[in-house]
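Listed below are the residues making up each chain.
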Amino acid sequence: MAGFTINGIDCESTLKLYLDEAVGLIDIPPRSIGSEAIRGRSGRWFGAQRDQAGRELKWSMILQPATVTAAARITAEHLVRDAFGAGMLSIQFNDGSTTRRIDGVCTELVITPRRGSHPFLAPISDVDIRISCASAFWESVQPTILALTTTARYPIELGTGPSTPLIMPMGATSAQTVTYRTAGGDVVWQIKTTNAATTDYSIVDFRTGRVKKSASGVVTDDEANAFIYTVWSTFPQPFDPQDGDYRTSQWPTLEVDSGAVQAIYWKSWQ
Amino acid sequence: MTAPAIPGLAFRRQITRRSTFPLIWQARRATVDAVDQTGTLVRTTTQSAIDSFGTTYSCYHSQPRWYAVDLDGDTVRETVGLFLVTDYLKWALRLKPVAMSGLIDFVENSALSGSGTIFSLTNDAADSPALWITSTSTQYRLNHHNGTTQVTSTMSGTAPTTGDRVRLRWWLYADGKIQLFQQINSAAETSASASSANTLGAAWAGTPDFRLNAVGTGTTGSSVFLGAVVSLGNQTQATLMEALV
């Protein structure tokens, strides 16, 4: 069922806050692309994306407590103010089929008792909320776990945005190379790690850019494997639906040349 | 005349929101750490788990067994839990015994027919005072031992079977009385009879940890855990579930 939660609190059933208009749910936040003019020629050369602003959510909502009295409305207003004013918010949005989440901070909350009646008597309020999010992308609530054991190329099912995975090569004592390719088979990046025992594993965290190693349950920073790219790329690289086609479910692939790999990632959505 | 204080210099409010409850752990974050607390997964053997596409894979020494399950019956393994059988996951929880409550969200494997261990709040040796859930072999039972006397609250009626999603909610009252509540597959929550009062101890035994799937370092159960929350006061299921959404 479609709806929003704020830090787990259901906006409709608990706060009695009903969405009237939502701006920013599926927008692409402003981004800048590196580019340079080409001397002596027309046009320009495009580089990588430089940065992208966080998502800005602007909601117009109606606050309508079950009890139609001014006192109930005032109590509900306090609940709404406290729910949204509590630091970093974890916002979940269900569009009727998929639940997605994003973290953000309420930068403005305006509560206006409905016009046409005395403000101290109005049973309904209009609530305008502005939330600045840390990320440009929504993220799936549940992670996806992809386990590979052969050299075959495994499709990586993604959302419409890039996902940063946690990759754990394991099960081999010689160097293991994990390869990420476009749907067409072009290598985008490769990482290589080495473990001393088949029961040891590396932990390559693309979210934080850190590499660790687990040996018999003892996890340590893995400086020896800190420079792990065999095909140079900027660390960390995401799993990106641009390397395939979301609309037709054409996905980039992941493979390992020996042993096994476990990848954990949260699908991301524009 | 005293100069007026300059507003805004006394503090700078951070936006980071830390843990809203004494313990919140969600498997969907794919970490053994709870909010603000480092978790410790104890297991030495290699065990298997199942990924989101139904593939069985190996998990080595102390590696979490993230196990994808299909909770809505559409053949898609959309939910990730932590499979604990011979292993357990613990966090330091040093709250003194007070009125408190908690909820464990899990998928029944075969815990109930075995030891039934879901959680414990005690030290490694499982001394008392302690609070824990095990089973009678047919029903889940909440136990509170204050160092002298033990009281229990036991579910009755329909018991969970393998594959059921179970939410066990527990209350420890200010007078030491306890009560267990159970929800199976999102049906209406049912409750066990509350125990008699049992004066709270001054502290939980030794250096107490909150442990999923074990009583102390001993008896373990068998479940796929989705989340756990511990709260001060006796909270409703709706309030506790807000922490796990």
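Q: Is there a simple way to explain the overall build of chain A in this structure?
A: The number of helices and strands found in chain A is one helix and 22 strands. The C-alpha atoms of chain A give a radius of gyration of 24 Å, which is well past the 18 Å a tight globule of 270 residues would have. Counting only C-alpha atoms, chain A reaches 75 × 60 × 35 Å along its principal axes. The buried share of chain A, reckoned over its 270 residues, is 45%.

Q: Could you clarify how one ought to interpret the sheet that holds strand β18 (residues 218-221) of chain A in this entry?
A: Within a sheet, each strand pairs with its neighbour through backbone hydrogen bonds, oriented either parallel or antiparallel. Residues and elements named next belong to chain A. Reading across the sheet, the six strands line up as β11-β21-β13-β16-β17-β18 and stay open at both edges, with antiparallel pairing between neighbours. Strands with a single pairing partner mark the edges of an open sheet, and in this sheet they are β11 (144-148) and β18. This sheet shows a mean twist of 20 degrees between the axes of neighbouring strands, independent of strand direction.

Q: Teacher, can you tell me more about the sheet that holds strand β11 (residues 140-145) of chain B here?
A: Residue and element names in this part refer to chain B. Sheet architecture is open: seven strands sit in the order β2-β7-β16-β9-β10-β11-β12, paired in antiparallel fashion. Each end of this open sheet is capped by a strand with a single partner; those strands are β2 (40-42) and β12 (150-154). The mean angle between the axes of side-by-side strands here comes to 20 degrees, regardless of whether they run parallel or antiparallel.

Q: I tried to follow the nonpolar core on my own but got confused; where do I start?
A: If you look at soluble globular proteins, the nonpolar side chains tend to sit buried side by side. Grouped together as the largest cluster of nonpolar side chains are 63 residues, with contacts concentrated most on Trp25, Trp66, Trp170, Phe210 and Leu212 of chain B. When residues no more than four places from it in sequence are discounted, the contact partners of Leu212 of chain B are Trp25, Leu84, Tyr88, Leu89, Trp91, Ile104, Ile118, Phe119, Phe225 and Ala228 of chain B. With 26 residues, the next largest nonpolar core counts Ile9, Leu63, Ala76 and Ile129 of chain A among its residues.

Q: How do you make sense of the confidence of the model for chain B when you look at a structure like this?
A: In regions of low pLDDT, the predicted coordinates are not meant to be interpreted in detail. Averaged over all residues, the pLDDT of chain B equals 92, while 94% of them reach at least 70. Interface confidence in the predicted complex, given as ipTM, is 0.87; pTM for the same model is 0.91.

Q: I would appreciate a short explanation of the interface of chain B and chain A in the present structure.
A: You'll often see interface size given as the accessible area lost when the parts meet. If you look at the interface, chain B gives 25 residues, while chain A gives 33 residues. A combined buried area of about 2500 Å² lies between chain B and chain A, and 58% of that area is made up of carbon and sulfur atoms. Run the count over chain B and chain A and you get zero salt bridges. Run the count over chain B and chain A and you get nine residue pairs in polar contact (both at pLDDT 80 or more).

Q: I keep staring at the state of the cysteines and nothing clicks. Help me out?
A: Cysteine pairs can be covalently joined through their sulfur atoms, and such a bond is termed a disulfide. Residues and elements named next belong to chain A. Evaluated as defined, the whole model comprises zero disulfides over all chains. Free cysteine Cys133: the closest other cysteine sulfur is in Cys106, separated by 11 Å. On the accessibility criterion, Cys133 (8% relative accessible area) is buried.

Q: What exactly am I supposed to notice about the environment of Thr55 of chain B here?
A: Relative to the assigned elements, Thr55 of chain B resides in the loop between β3 (47-50) and β4 (56-59). Each C-alpha atom of the pair Thr55 of chain B and Ala68 of chain B lies 9.7 Å from the other, and the pair is 13 residues apart in sequence. Leaving out residues up to four positions away in the same chain, Thr55 of chain B has contacts with Ala147 of chain A together with Ala49 and Ile50 of chain B.

Q: I keep staring at unusual backbone geometry and nothing clicks. Help me out?
A: Glycine aside, residues mostly have negative phi, and peptide bonds are mostly found in the trans state. Note the cis peptide between Ser128 of chain B and Pro129 of chain B, where omega equals 5 degrees. In this fold, Pro129 of chain B is placed in the loop between β9 (119-122) and β10 (130-135). At Lys16 of chain A, a residue that is not glycine, the phi angle is positive and equals roughly 60 degrees. Relative to the helices and strands, Lys16 of chain A resides in the loop between β2 (9-10) and β3 (17-23).

Q: What is the right way to read the confidence of the model for chain A from this model?
A: Predicted confidence across chain A gives a mean pLDDT of 89, with 93% of residues reaching 70 or more. Strand β20 (residues 253-256) of chain A holds the highest mean pLDDT among the elements of chain A, 96, whereas strand β19 (residues 229-231) of chain A holds the lowest, 66.

Q: Explanation requested: helix α1 (residues 70-84) of chain A in the structure shown.
A: Along an α-helix, residues three or four apart share an orientation, since each turn contains 3.6 residues. All names here are of chain A. Taking 1.5 Å per residue, 15 residues should reach 21 Å; α1 reaches 21 Å between its end C-alpha atoms and fits that length. For α1, every residue scored as buried is listed here: Ala70, Ala72, Arg73, Ala76, Glu77, Val80, Ala83 and Phe84. Down the axis of α1, the smallest arc covering the buried residues is 145 degrees, so these residues share one side.

Q: What exactly am I supposed to notice about the environment of Ser156 of chain B here?
A: Residue and element names in this part refer to chain B. Residue placement: Ser156 occurs in the loop between β12 and β13 (165-172). Here Ser156 falls in the exposed class, since its relative accessible area comes to 52%. Placed 35 residues apart in sequence, Ser156 and Ser191 show a C-alpha to C-alpha distance of 8.3 Å.

Q: What should I look at first to understand the pattern of salt bridges in this one?
A: Where charged atoms of side chains with opposite charge meet at close range, the side chains can pair. Residues and elements named next belong to chain A. Applying the stated rule across the entire model yields 20 salt bridges over all chains. Here Arg101 and Asp103 are joined by a salt bridge, their closest N and O atoms 2.5 Å apart. A relative accessible area of 29% means that Asp103 is categorised as partly exposed. Arg181 is the salt-bridge partner of Glu255, the closest N and O atoms lying 2.8 Å from each other. Within this pair, whereas Glu255 is found in strand β20, its partner Arg181 is found in strand β14 (residues 176-181), the two being separated by 74 residues in sequence.

Q: Before we go on, may I ask you to explain the side chain of Ser62 of chain B in this structure?
A: Here Ser62 of chain B shows up in the loop between β4 and β5 (66-69). Engagement of the side chain of Ser62 of chain B in a polar contact is seen with the side chain of His61 of chain B, the distance being 2.8 Å. Beyond its immediate sequence surroundings of up to four residues, Ser62 of chain B is in contact with Tyr201 and Gly217 of chain A together with Leu41 and Arg43 of chain B.

Q: How should I be thinking about the pairing of strand β17 (residues 223-232) of chain B in this particular structure?
A: It is a general feature of regular strands that their side chains alternate between the two faces of the sheet. Residue and element names in this part refer to chain B. Counting buried residues along β17, nine of its 10 residues qualify, which places the element largely inside the surrounding structure. Pairing analysis gives four bridges linking strand β1 (residues 23-26) to β17, with the strands arranged antiparallel. Paired with Gln26 across the strands is Gly227, a residue of β17. For strand β6 (residues 79-84) and β17, the ladder comprises three bridges, and the chain directions are antiparallel. Bridge pairing in β17 places Leu82 opposite Phe225. Of the pairings in the sheet, the one linking strand β8 (residues 100-108) to β17 comprises nine bridges and is antiparallel in character.

Q: Help me understand the environment of Gly176 of chain B in this model?
A: All names here are of chain B. Within the element layout of this structure, Gly176 appears in the loop between β13 and β14 (178-184). Placed 25 residues apart in sequence, Gly176 and Val151 show a C-alpha to C-alpha distance of 8.8 Å. In contact with Gly176, other than residues within four places in its own chain, are His144, Val151, Ser196, Asn198 and Leu200.

Thresholds, definitions, all that
Residues numbered from 1 in each chain as written. Chains lettered and ligands numbered in written order. Predicted model: local features only at pLDDT ≥ 70, side-chain atom pairs only at ≥ 80, totals over all residues. Heavy atoms only, no water. Helix = DSSP H or I, 4+ residues; strand = E, 2+ residues; numbered from the N terminus. Rg over C-alpha atoms; globule rule 2.2 N^0.38 Å. Buried < 20%, exposed > 50% of the residue type's maximum accessible area, 1.4 Å probe, protein only. Pairing = 2+ DSSP bridges. Axes fitted to C-alpha atoms, helices over the stretch in contact; angles between N-to-C directions. Core = buried A, V, L, I, M, F, W, Y, C linked by side-chain atoms within 4.5 Å. Contact = heavy atoms within 4.5 Å. pLDDT = per-residue confidence, 0-100. Buried area = accessible area lost by both parts, 1.4 Å probe. Salt bridge = Lys/Arg side-chain N within 4 Å of Asp/Glu carboxyl O. Polar contact = N/O pair within 3.5 Å; in protein donor to acceptor, adjacent residues only side chain to side chain. Disulfide = S-S within 2.5 Å. Expected span 1.5 Å × (residues − 1). Arc of directions from axis to C-beta.

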